[in-house]
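Residue-level structure breakdown
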Amino acid sequence: MAAETKIDPMHQFAISKIAELNVAGYDISFTTSALWMLIVLAVLWVFMLGGMKRELVPGRWQAMVEGVTGFVENMVSTSIGPEGRKFMPWVFSIFMFILFANLMGMMPLAVVGVHPFTVTSQFTVTGLLAIVSFSIVLIVGFWRHGFHFFSLFVPHGTPAPLLPLIFLVELISFLVRPFSLALRLFVAMIAGHILVEVFGSFVVQGINAGGAGIAISLLSFLFIAGVMALELLVAAIQAYVFALLTSLYINDAVNLH
Amino acid sequence: MDIEAAKVIGAGLAAIGVGAAGVGVGIVFGQFLQGALRNPAAADGQQGRLFIGFAAAELLGLIAFAVAMIILFVM
């Protein structure tokens, strides 16, 4: 009985096609991932437009939106400095998109029969966000400093014999940045969802088993409640960390050391 | 040894890394709190650094988790 109901925690991340679409040999079908990206975008749009009425005395909604923009602006200006405002649109966009995507993936919509899909649990999505952030760093760095940008890899006061080694180490740590940026968000999301899925299966299996299984289901259920609270925190922290690290990397490109 | 059994043992060993990252995250927040309680006025300005340290420590645990998942589901 227990053996045939094997838990498959990875199934929830599988992408299924909604509308088949092939252009010039490339598969660009409309998938669940694309659908949920659009949903996240729509929710984000409603959230922002609702708070952009520019009332003199802000209502609750406007205060909420202004709180978020103020938070991101503060983060950008403290880590980049006075020039940080120029990069505000990108940092704010990724912060809000990641935050909303993380939260939308955790909405209890399964109660009404809709299975939410966490966009940020796909490495392609987080990888693309990280690559765009990294490209901004490269473009801004080379635009402003030219080949002087390479001095980023040589810390001040490095002894001459150590120079090649330090350069190599710094270069590698620089090149690994987009991977670590993308991997952190992607794995944090996957880990939380797998945990919830596994313990959710425990609840079902415990109830099916009956007897002492009911107690285990109850414990698992309470555990899920705790994990979900933690996941809400992680969703916010990962969005914050992604935006913070992006602004720090941009700071490297703008101000060098 | 059976390859399936070896896989499960390997995934379990990889999970140790997650615990080690737990120690790391605990140290980051613990030390921050220690410093913050000594000088609460300076604490708010250092929150960015706190989260950078947290992110760096957490990433290693997440990589250990990714290794376990790769062993279980990909290999």
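Here the structure is a predicted model, which means the values were calculated and not measured.

**Concerning helix α4 (residues 123-145) of chain A**
Residues and elements named next belong to chain A. If you check α4, its first and last C-alpha atoms are 32 Å apart, about what 23 residues at 1.5 Å a residue would give, namely 33 Å. Those residues of α4 that fall on the buried side of the exposure criterion are Val-125, Thr-126, Leu-129, Ala-130, Ser-133, Val-137 and Gly-141. Structurally, α4 contributes buried residues whose contacts are with α3 (88-104), α5 (163-209) and α6 (212-255). Downstream of α4 by a residue or two, Gly-146 has a phi angle that is positive, lying close to 60 degrees.

**Focus: the packing of α5 of chain A against α6 of chain A**
Relative orientation of the contacting elements α5 of chain A and α6 of chain A amounts to 170 degrees, with a least axis distance of 9 Å. By the angle between their directions, the pair α5 of chain A and α6 of chain A is classed as roughly antiparallel.

**Comments concerning the interface of chain B and chain A**
Tallying the contact residues gives nine residues for chain B and 13 residues for chain A. Residues of the side of chain B that touches chain A, tallied by class, amount to eight nonpolar, one polar and no charged.

**Concerning the confidence of the model for chain A**
Counting all residues, the mean pLDDT for chain A is 86, and 97% of those residues have values of 70 or more. The element-level mean pLDDT for chain A is lowest in strand β3 (residues 26-27) of chain A, coming to 76, with α3 of chain A highest at 92.

**Observations concerning helix α2 (residues 60-80) of chain A**
Taking 1.5 Å of rise per residue, the 21 residues of α2 of chain A would be expected to cover 30 Å, and the 30 Å separating its terminal C-alpha atoms lies within 8% of that figure. Those residues of α2 of chain A not exposed but buried are Val-72, Met-75, Val-76, Ser-79 and Ile-80 of chain A. Relative to the axis of α2 of chain A, the buried residues are bounded by an arc of 110 degrees and lie together on one face. Summarising the geometry of α2 of chain A, the exposed residues directed more than 90 degrees from the buried face are Arg-60, Ala-63, Gly-67, Gly-70 and Asn-74 of chain A. Of the surrounding elements, those touching the buried residues of α2 of chain A are α3 and α6 of chain A together with α3 (47-74) of chain B. Gly-81 of chain A lies just past α2 of chain A and shows a positive phi near 105 degrees.

Rules of the game
- Residues numbered from 1 in each chain as written.
- Chains lettered and ligands numbered in written order.
- Predicted model: local features only at pLDDT ≥ 70, side-chain atom pairs only at ≥ 80, totals over all residues.
- Helix = DSSP H or I, 4+ residues; strand = E, 2+ residues; numbered from the N terminus.
- Expected span 1.5 Å × (residues − 1).
- Buried ≥ 20, exposed ≤ 12 C-beta atoms within 10 Å, placed from the backbone.
- Contact = placed C-beta atoms within 7 Å.
- Axes fitted to C-alpha atoms, helices over the stretch in contact; angles between N-to-C directions.
- Parallel < 35°, antiparallel > 145°, perpendicular 65-115°, else oblique.
- Nonpolar A, V, L, I, M, F, W, Y, C, P; charged D, E, K, R; others polar.
- pLDDT = per-residue confidence, 0-100.
- Arc of directions from axis to C-beta.

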